[in-house]
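# Chain and residue survey
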Amino acid sequence: MFNKNIKLIIAAAIFAFAIYQIYETNIGNGIFLILLAAIFILLYFKNEFILLSFLKLRKQDFDGAKRLLAKIKNPQTALTTKQQGYYYYLHGIMASQSNLTQAEKHLRKAEKLGLSMDHDMAMVKMTLAGIAAQKNRKNEAKNLMKEAKTLDKRGMLTEQIKMMEQQMKRAASAPKQHYGNRQQMRRR
């Protein structure tokens, strides 16, 4: 994986050669080269490995998505700020399957860096609320759920938010688990 600015340099070089081709009356070559330069500019704003990782996640292929994200060695130099947010967002989603502490760390980074879509940020807030609820931080979970509701302007996560709130209510009303009486254990 190379630096994100190299993509812009390659696009500028191809575009300059396209202008030269048009000047030399090779208009077909010039148009093709302009389209090729546009692909490099698109890849500057939308990283190819992140796009492919999203496709792998849609197919529930977590191992494939991890392999693709592992190809990004240094996200600070290879990705723009929003892409770094999505990089940590994807890592957080994958880590939430097994390690909540690691998932929370990645999702907090994604929240700090920001995401371009409001419903993606709502998903981050909702996932963080679920992690906070599992770690018995109820007030934080409620605040994160409120933020997720306000970010979900199109109603794409309405059902998931309702399910999460119901689970939080059930967890709050459930009896607390006790591990026995210490005094009875001493008598034995």
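Positions within a chain are numbered from 1, following the residues in the order the chain's sequence is written. Reporting in this predicted model follows two pLDDT cut-offs: at least 70 for local features of residues, and 80 or more for side-chain atom pairs to be given and counted; totals over whole chains, interfaces and linings ignore these cut-offs and use all residues. Note that water and hydrogens are dropped before the side-chain values are worked out from all heavy atoms of the structure.

## Things to note about the layout of surface pockets
Short version of the rule: Both cavities and pockets are sets of points on a 1 Å grid over the protein atoms alone; in a cavity a 1.4 Å probe fits but cannot get out, in a pocket the set is open with protein on both sides within 12 Å along at least five of seven lines, and lining residues sit with an atom within 4 Å of a point. Grid points are joined across faces, edges and corners, and a volume is the space filled by probe spheres set on the points. By definition, any uninterrupted DSSP run of H or I lasting at least four residues is a helix, any uninterrupted run of E lasting at least two residues is a strand, and each is numbered from the N terminus.
Taken as a whole, the largest pocket encloses approximately 710 Å³ of empty space. Around the largest pocket sit 25 residues that line it, and Gly-130, Ala-133, Met-164, Gln-167 and Met-168 are the ones nearest its centre. Contributions of two or more residues to the lining of the largest pocket are made by helix 8 (118-134), helix 9 (138-151) and helix 10 (158-173). Space inside the second largest pocket adds up to approximately 570 Å³. Lining the second largest pocket are 20 residues; nearest its centre among them are Phe-54, Tyr-86, Tyr-89, His-119 and Asp-120. At the level of secondary structure, the elements contributing two or more residues to the lining of the second largest pocket comprise helix 3 (48-58), helix 6 (81-95) and helix 8.

## With respect to the packing of aromatic side chains
Filter applied, for reference: Aromatic rings from Phe, Tyr and Trp, taking only the six-membered ring of Trp, are treated as a pair when their centres fall within 6.5 Å; an angle between ring planes under 30 degrees marks them as stacked, one over 60 as edge-to-face, and anything in between as tilted. Burial here depends on accessible area, computed with a 1.4 Å probe over protein chains only, as a share of the maximum for the residue type. Under 20% is buried, over 50% is exposed, and the range in between is partly exposed.
This model, assessed by the stated rule, comprises 6 aromatic pairs. Seen in terms of ring centroids, Phe-54 and Tyr-89 are 6.3 Å apart; in terms of plane orientation they differ by 45°. Their pairing is tilted. Of this pair, Phe-54 sits in helix 3 while Tyr-89 is found in helix 6, placing the two residues 35 residues apart along the sequence. The class of Tyr-89 is buried, set by a relative accessible area of 6%. Chaining the aromatic ring pairs together yields one cluster made of Phe-54, Tyr-86 and Tyr-89.

## As for the environment of Arg-108
Put simply, the rule is: Here, two residues are considered to be in contact whenever any of their heavy atoms come within 4.5 Å of each other.
Among the structural elements, Arg-108 can be located in helix 7 (residues 100-113). Sequence-wise, Arg-108 and Gly-92 are 16 residues apart; in three dimensions their C-alpha atoms are separated by 8.7 Å. When near neighbours in sequence (up to four residues on either side) are disregarded, Arg-108 contacts Leu-128, Arg-137, Glu-140 and Leu-144.

## Focus: a nonpolar patch on the surface
Put simply, the rule is: Only residues above 30% relative accessible area that lack a salt bridge enter a patch, with like-charged residues linked at up to 9 Å and the nonpolar side chains Val, Leu, Ile, Met, Phe, Trp and Tyr linked at up to 5 Å. The Shrake-Rupley method, run with a 1.4 Å probe, gives the accessible areas here. Residue values count only the displayed protein chains as cover. What makes a salt bridge here is a side-chain nitrogen of Lys or Arg within 4 Å of a carboxyl oxygen of Asp or Glu, nothing more.
Nonpolar side chains collect at one region of the surface, where Phe-15, Ile-19, Ile-22, Ile-27, Ile-31 and Leu-35 lie side by side and expose about 550 Å² of accessible area between them. Going through the elements one at a time, helix 1 (4-23) and helix 2 (27-45) are the ones with two or more residues in the nonpolar patch. As for its position among the elements, Ile-22 is in helix 1. Among the residues examined, Ile-22 registers a relative accessible area of 34% and is labelled partly exposed.

## Brief notes about the confidence of the model for the chain
Here is the rule: In predicted models, pLDDT denotes the confidence assigned by the predictor to each residue on a 0 to 100 scale.
Of all residues in the chain, 90% attain a pLDDT of 70 or more, and the chain-wide mean is 85. For the chain, helix 11 (residues 182-187) is the element with the lowest average pLDDT, namely 53, and helix 1 is the one with the highest, namely 93.

## Comments concerning the pattern of salt bridges
This structure, assessed with the given rule, holds 12 salt bridges. With a closest N to O distance of 3.6 Å, Lys-56 and Asp-61 form a salt bridge. In this structure Lys-56 comes out as partly exposed when scored by relative accessible area, which is 30%. Residue Glu-104 pairs with Arg-137 through a salt bridge whose shortest N-O separation is 2.5 Å. Placement of Glu-104 in helix 7 and of Arg-137 in the loop between helix 8 and helix 9 is noted, with a sequence separation of 33 residues between them. For Arg-137, a relative accessible area of 27% translates into the label partly exposed. Salt bridges linked by common partners bring Glu-104, Arg-108, Glu-111, Lys-125, Lys-135, Arg-137, Glu-140 and Glu-147 together as one network.

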